[in-house]
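Listed here are the chains, written in short residue letters.
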Protein chains: 2
Amino acid sequence: MMIRAMVIILTLFVAAGSAAAQMDQLPSWNEGPVKKALIDFVSRVTTEGGPEFVVPAERIAVFDNDGTLWAEQPIYFQFQFALDRVKALAPKHPEWKETQPFKALLEGDMSTFAAGGEKALLEIMAVSHAGMTTDEFAETVKEWIATAKHPRFGRRYNEVVYQPMLELLAYLRAKGFKTFIVSGGGVEFMRAWVEPVYGIPPEQVVGSVGKEKFELRNGRPELVKLPAVDFIDDKEGKPVGIQKFIGRLPVFAFGNSDGDQQMLEWTAAGSGARFMGLVHHTDAEREWAYDRASHIGKLDRALDEAMAKGWQVVDMKRDWKQVFPFDK
Amino acid sequence: MMIRAMVIILTLFVAAGSAAAQMDQLPSWNEGPVKKALIDFVSRVTTEGGPEFVVPAERIAVFDNDGTLWAEQPIYFQFQFALDRVKALAPKHPEWKETQPFKALLEGDMSTFAAGGEKALLEIMAVSHAGMTTDEFAETVKEWIATAKHPRFGRRYNEVVYQPMLELLAYLRAKGFKTFIVSGGGVEFMRAWVEPVYGIPPEQVVGSVGKEKFELRNGRPELVKLPAVDFIDDKEGKPVGIQKFIGRLPVFAFGNSDGDQQMLEWTAAGSGARFMGLVHHTDAEREWAYDRASHIGKLDRALDEAMAKGWQVVDMKRDWKQVFPFDK
């Protein structure tokens, strides 16, 4: 009787196991060439004894963030954070009412602000991203993420993330991949919120970096953020950032813009099986439609290279059954 | 009968389990205050429901390399690599016979070389660590590690590592810690050999970084190492490196010199249980004895701070039963 019970339990376990194996792990992806290529790639590199098997330690997957994991319209979300910080700090800086680029920003005069070019942008980044300790900055970002709302969707910014990509991240990790962000965004801005959203820990976030200084403040060690750029993790900087922070060639890379082109080229340069993917924003109804002529997330030369080399291009409208977690 | 056999098997498993639990995981450490403090710390932070429990994601342990995981006498091993490279490259550079600092090095005239100061050192580093692709550099290091022998021990340099620290790394990982190197050494020099020796993958190696440039060479993407320093991961640089590469405060840090003082201060600054340790080189017979007056691995102010604050100080002679894996 006891033996019989154990056999039944064992049978149930085996049945549950094979049901799980057949369950769709990418339910928000429509059947089509990209979904097929993803599953096919993962199957090839994880088949032990197969000709394209990749040991788990080498299963490095890198993802751009803006426009690849979360949206980037109508303006980069980190830039929105900077604008909101300037507004929040304005009462303590009455002089900003008469000083550019702050005056333009506070008056909502974006064309005057834009005329200030890179210098204006760096001034905004300096006051919103420096002059405080790393702990203070992280707290500021966490508070913003917990309260600010996206103007189109009325959702918190960390909800305006792509459901299919969340599934892809989890799928890859379940298959023994180590998932990294490699983004032009600020590394400390991202690390303050990405772990619970993407399941990516701080030490697997690569991004642009500002200079920092270690000092004792009243005997307590602090890292102070300085108003100076240390490293820009974009375009040619992405392979440099991958080498510097990860030190291994990825076998899998996903981006969405010309800023990701070199990261995909670098990933493609390795021998053995490789997956290079781009998100093409083609869905003005559920998200946005933009590519070659866009200021934000311009996708032009990278799209040509993807088509020439057979990299996978997600057609958001065609390939994604659901875009955001809040879409139902 | 069947049930009886299963009960016996189960009993054997349980017995084996508790024997394993009692097995000494740090056999090369003598019983004493440091070994006791290590086991006590790990037990406190891994006891679920206990007052000092640390979730696995936060179990970040950082280790200096030179003098902490491997030896650093009579000269830093990476500097020996640089010298050996200059000798290997000399036949292709006949002009070095008449040009300093190369002339002095090739003639073994170390006092003339030393008189060249930092400029001479940077020139040696430039010719040995730059002007090639990252792949070419990694191959060069691997070849050197596989062949060069330490002058005192006649062993390969990656054998001149501390057995007690290898055990400590494995013990921490078995307890859910993520182990990182945070060293003043070059990150690409270390990544070329540390994984099989320490069980630390490239993406968990933080070190000093040279500038690199992404370029297409005959259509093939390459990263070229430039003769310029990007970041020095030493002293005040170590907390900056930890923040930049890891993005979390460690709960455990081990070093051996004043170059590690700020890393230990930064680790100590967090709330909750913390372990700060220093290796004190006190064993001239089996290794070396040096501290306050040493040029290499000077341990002076960090030792004072350790004593004042109750950080753990390994007395190599007292605390380590065995120093190197080849000691028997």
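Residues numbered from 1 in each chain as written. Chains lettered and ligands numbered in written order. Predicted model: local features only at pLDDT ≥ 70, side-chain atom pairs only at ≥ 80, totals over all residues. Heavy atoms only, no water.

For the rest of this paragraph, the subject is the environment of A:H150. Residue and element names in this part refer to chain A. The topology assignment puts H150 in the loop between helix 7 (134–147) and helix 8 (163–174). Here the alpha-carbon distance between H150 and Q73, two residues 77 residues apart in the chain, equals 9.5 Å. Sequence-distant contacts of H150, that is, excluding residues within four places in its chain, are made with Q73, P74, F77, R155, Y157, V160 and W288. Only 3.1 Å separates the side chain of H150 from the backbone nitrogen of R152, close enough to count as a polar contact. (Helix = DSSP H or I, 4+ residues; strand = E, 2+ residues; numbered from the N terminus. Contact = heavy atoms within 4.5 Å. Polar contact = N/O pair within 3.5 Å; in protein donor to acceptor, adjacent residues only side chain to side chain.)

So, about the pattern of salt bridges. Across all of its chains, the model carries 54 salt bridges over all chains by this definition. Across the salt bridge formed by A:K103 and A:E107, the nearest N and O atoms sit 3.3 Å from each other. Here B:E159 makes a salt bridge to B:R155, at a shortest N to O gap of 3.7 Å. Sharing partners across several salt bridges, the network here consists of A:E58, A:K178, A:R248, B:E195 and B:E203. (Salt bridge = Lys/Arg side-chain N within 4 Å of Asp/Glu carboxyl O.)

Residues and elements named next belong to chain B. Contact pair helix 3 (residues 77–89) / helix 6 (residues 117–129): the axes reach a minimum separation of 9 Å and the direction vectors enclose 70°. By the angle between their axes, helix 3 is roughly perpendicular relative to helix 6. Regarding helix 3 and helix 6, the two cross each other, and that crossing is left-handed. Contact residues: Q78, F79, F81, A82, R85, V86 and L89 in helix 3; L121, I124, M125, V127, S128 and H129 in helix 6. By residue class, the composition of the contact of helix 3 with helix 6 is nine nonpolar, three polar and one charged. (Axes fitted to C-alpha atoms, helices over the stretch in contact; angles between N-to-C directions. Parallel < 35°, antiparallel > 145°, perpendicular 65-115°, else oblique. Left-handed = near helix turned anticlockwise from the far one by under 90°. Nonpolar A, V, L, I, M, F, W, Y, C, P; charged D, E, K, R; others polar.)

Residues and elements named next belong to chain A. Interhelical geometry of helix 3 (residues 77–89) versus helix 7 gives an angle of 105° and a closest axis separation of 11 Å. By the criterion of interaxial angle, the relationship of helix 3 to helix 7 is roughly perpendicular. Listed contacts from helix 7 to F77, Q80, F81, D84 and R85 of helix 3 are F137, T140, V141 and W144. Here the residues of the contact of helix 3 with helix 7 are counted per class, giving five nonpolar, two polar and two charged.

Together, A:D135, A:E136, A:E139 and A:E143 give the surface a local cluster of negative charge. Mapped onto the elements of the fold, A:E136 is located in helix 7. (Patch = residues over 30% accessible without salt bridge, like charges linked within 9 Å, V, L, I, M, F, W, Y side chains within 5 Å. Areas by Shrake-Rupley, 256 points an atom, 1.4 Å probe, with all protein chains shown as cover. Lys, Arg positive; Asp, Glu negative; His and termini not counted. Charge placed at Lys NZ, Arg CZ, Asp CG, Glu CD.)

In this section: the side chain of B:K225. All names here are of chain B. Residue placement: K225 occurs in strand 4 (residues 220–231). According to the relative accessible area criterion, K225 is buried, its value standing at 7%. Look past the residues within four positions of K225 in its chain and what remains in contact with it is H129, A130, G131, M132, T133, T134, F137, E188, K211 and E212. (Buried < 20%, exposed > 50% of the residue type's maximum accessible area, 1.4 Å probe, protein only.)

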